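Examining the three-dimensional arrangement
The residues making up each chain are set out below.
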Amino acid sequence: MNLENNIALVTGAGQGIGKTIALTLAQYGADVVIADINEATVSTVAHEVEAFGRRALPFVLDVVNLAACEEAIKKTIDTFGKLDILVNNAGITRDMVLLRMKEEQWDQVIAVNLKGTFNCTKAAIRYMFRNKYGRIINIASVTGAMGNPGQANYAASKAAIMGFTKAVAREYAHCGITVNAVAPGFIKTAMTDAIPDKEREAMIAMIPAQKLGMPEDVAHLVCFLASDLAAYITGQVIHVNGGLYM
Ligand code: NAP
């Protein structure tokens, strides 16, 4: 895989899966915009991208804000001249069983995970449409396909991302833009570190591979989908889950 001369923007790139995606894109040769709500992490990750000899742009971004997403895309084009790859990775959980789930917990998860994906895609596709090229990769979740108790909000947002991916893929396939979703299973990050040990052990017991995945397991697939090797793949949801869901 060679991503030289590609410009990528990764949301939620300050830590976890998004950070590993950003660094792996850089390893394959891409220049990367590090977009994250957490101001403290964007510059650090940008320096790590530069350590691979690539260009990086740190950008503090709340994906819930459409105008801010449009500004991020504009800054990318102004800085690098183009945008080839968008990875919609920013995501949050606000877990609670439905009977006790607050409206606010529902709204926050839908706003970041789903509306954030809409916002960045809408802002990016305007440019990609004109350029007749683009690779959009949305990070969904196995939970969107199989459900998970305590995650009605999160599962709904991730299932919606799968439908969104297919609709947008159909709209723009004719102009060189592919849109795919990657659905990770349980991956070792701050998100899964926050799960109590006993619950995590129970989760691992359900996985045929008998271990959590690593952010790299997701990042290499994202890079493949971003590359020319995947030019004829669009509208797909590809699972990376150690066999948890087949
Ligand atoms: P993570 O470690 O919590 O990282 C998510 C990053 O997104 C954080 O830097 C976070 O900043 C940032 N973020 C949160 N809200 C944002 C917003 N409104 N705008 C921009 N950035 C925002 O999560 P992760 O485990 O790497 O997950 C990354 C993606 O993979 C998510 O979409 C998640 O749903 C998906 N996923 C994860 C797993 C897993 O097992 N880890 C499984 C399936 C899918 P703060 O830290 O400041 O909030």
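To be clear, the structure that these remarks concern was listed above.
Below is a short write-up of the structure. Everything numeric in this text was worked out from a predicted model, so none of it was measured.

A few words on the environment of Ile207. Looking at the element boundaries, Ile207 is found in the loop between α8 (197-205) and α9 (215-226). The sequence separation of Ile207 and Asn241 amounts to 34 residues, and the corresponding C-alpha distance is 7.8 Å. The contacts of Ile207, once residues within four sequence positions are left out, are Phe186, Asn241, Gly242 and Leu244.

This next bit is on the pairing of strand β6 (residues 177-184). Taken across its 8 residues, β6 has 8 buried, putting it largely inside the fold. What you see with β6 is no split at all: Ile177, Val179, Ala181 and Ala183 on one side and Thr178, Asn180, Val182 and Pro184 on the other are buried throughout. Taken together, the 6 bridges between strand β5 (residues 134-139) and β6 define a ladder with parallel strand orientation. Across the sheet, residue Gly134 finds its bridge partner in β6, namely Ile177. Bridging between β6 and strand β7 (residues 237-240) involves 4 bridges; their strand directions are parallel. Bridging across to β7, Val182 finds its partner in Ile238.

Size it by volume and the largest pocket reaches roughly 1100 Å³. Lining of the largest pocket is provided by 44 residues; of these, Gly91, Ile92, Thr93, Tyr154 and Met191 occupy positions nearest its centre. A breakdown of the residues in the lining of the largest pocket according to their chemical character gives 23 nonpolar, 15 polar and 6 charged. Of the voids in this model, the second largest pocket is the one considered here, and its volume is about 150 Å³. Around the second largest pocket, the lining is made up of 13 residues, and of these Leu212, Gly213, Asp217, Asn241 and Gly242 lie nearest the centre. Residue composition of the lining of the second largest pocket, by class: 7 nonpolar, 4 polar and 2 charged.

Where helix α1 (residues 16-27) contacts helix α2 (residues 39-50), the two axes come as close as 9 Å, and the packing angle between them is 25 degrees. Comparing the axis directions of α1 and α2 gives the class roughly parallel. α2 is crossed by α1, and the crossing has right-handed handedness. Contact residues: Lys19, Ala22, Leu23 and Ala26 in α1; Val45, Glu48 and Val49 in α2. Partitioned by chemical class, the residues of the contact of α1 with α2 number 5 nonpolar, no polar and 2 charged.

In this section: the packing of helix α3 (residues 66-80) against helix α4 (residues 103-131). The N-to-C vectors of α3 and α4 enclose an angle of 40 degrees; their axes lie 8 Å apart at closest approach. In the crossing of α3 with α4, the sense of the turn from one axis to the other is right-handed. Every residue of α4 that contacts α3 at Leu66, Cys69, Glu70, Ile73 and Ile77 is listed here: Asn119, Cys120, Ala123, Ala124 and Tyr127. Class assignment for the residues of the contact of α3 with α4 results in 8 nonpolar, 1 polar and 1 charged.

What follows covers the side chain of Ser157. Here Ser157 is to be found in helix α6 (residues 152-172). At 2.7 Å, the side chain of Ser157 and the backbone oxygen of Tyr154 are in polar contact. When near neighbours in sequence (up to four residues on either side) are disregarded, Ser157 contacts Val109, Ile110, Asn113 and Leu114.

Let us now look at the site of the ligand. Around the ligand lies a shell of 28 residues, among which Ile17, Asp36, Asn89, Tyr154 and Thr189 are the nearest. Between an oxygen atom of the ligand and a main-chain N or O atom of Ile17, the distance comes to 2.8 Å. Taken by itself the ligand offers 890 Å² of open surface, and the protein chains cover 89% of this. Using a 2 Å cut-off from the grid points, one finds that the ligand occupies the largest pocket. Sorting the residues of the shell around the ligand by element identifies α1, α6 and α7 (190-193) as the ones contributing at least two each. At 3 residues, the largest contribution of residues to the shell around the ligand is made by α7.

Each value, and the rule that gives it
- Residue positions are given per chain, counting from 1 as you read along its sequence in written order.
- The predicted nature of this model means local features are confined to residues of pLDDT at least 70 and side-chain atom pairs, given and counted, to a pLDDT of 80 or more, with totals for whole chains, interfaces and linings taken over all residues.
- Think of the side-chain values as coming from all heavy atoms in the structure, minus any hydrogens and water.
- Numbering of helices and strands starts at the N terminus; helices are DSSP runs of H or I of at least 4 residues and strands are runs of E of at least 2.
- Residues are treated as being in contact if the distance between any of their heavy atoms lies within 4.5 Å.
- For every residue, the accessible area obtained with a 1.4 Å probe (protein chains only) is divided by the maximum for its type, and the residue is called buried under 20%, exposed over 50%, and partly exposed between those limits.
- Two strands make a pair as long as DSSP finds a minimum of two bridges between them.
- Each cavity reported here is a set of points on a 1 Å grid over the protein atoms alone in which a 1.4 Å probe fits but cannot get out, each pocket an open set with protein on both sides within 12 Å along at least five of seven lines, and each lining residue one with an atom within 4 Å of a point.
- Grid points are joined across faces, edges and corners, and a volume is the space filled by probe spheres set on the points.
- The classification used treats Ala, Val, Leu, Ile, Met, Phe, Trp, Tyr, Cys and Pro as nonpolar, Asp, Glu, Lys and Arg as charged, and all other residues, Gly among them, as polar.
- For helices, the axis comes from a line fit to the C-alpha atoms of the stretch in contact; other axes are also lines fit to C-alpha atoms, and the angle between any two N-to-C directions lies between 0 and 180 degrees.
- Orientation labels follow simple angle bins: below 35 degrees gives roughly parallel, above 145 gives roughly antiparallel, 65 to 115 gives roughly perpendicular, and whatever is left gives oblique.
- Crossing chirality is assigned from the near helix's rotation relative to the far helix, an anticlockwise turn below a right angle marking it left-handed and a clockwise turn marking it right-handed.
- Two N or O atoms count as a polar contact when they lie within 3.5 Å, although within protein this holds only if one can serve as hydrogen donor and the other as acceptor, and sequence-adjacent residues are included solely when both atoms are side-chain atoms.
- A single heavy atom is enough: if one lies within 4 Å of a molecule or strand, its residue is considered near that molecule or strand.
- Calculation of accessible area relied on Shrake-Rupley with a 1.4 Å probe; when residues are assessed, cover is drawn exclusively from the protein chains displayed.
- A molecule is said to be in a cavity or pocket once over half of its atoms fall within 2 Å of that pocket's grid points.

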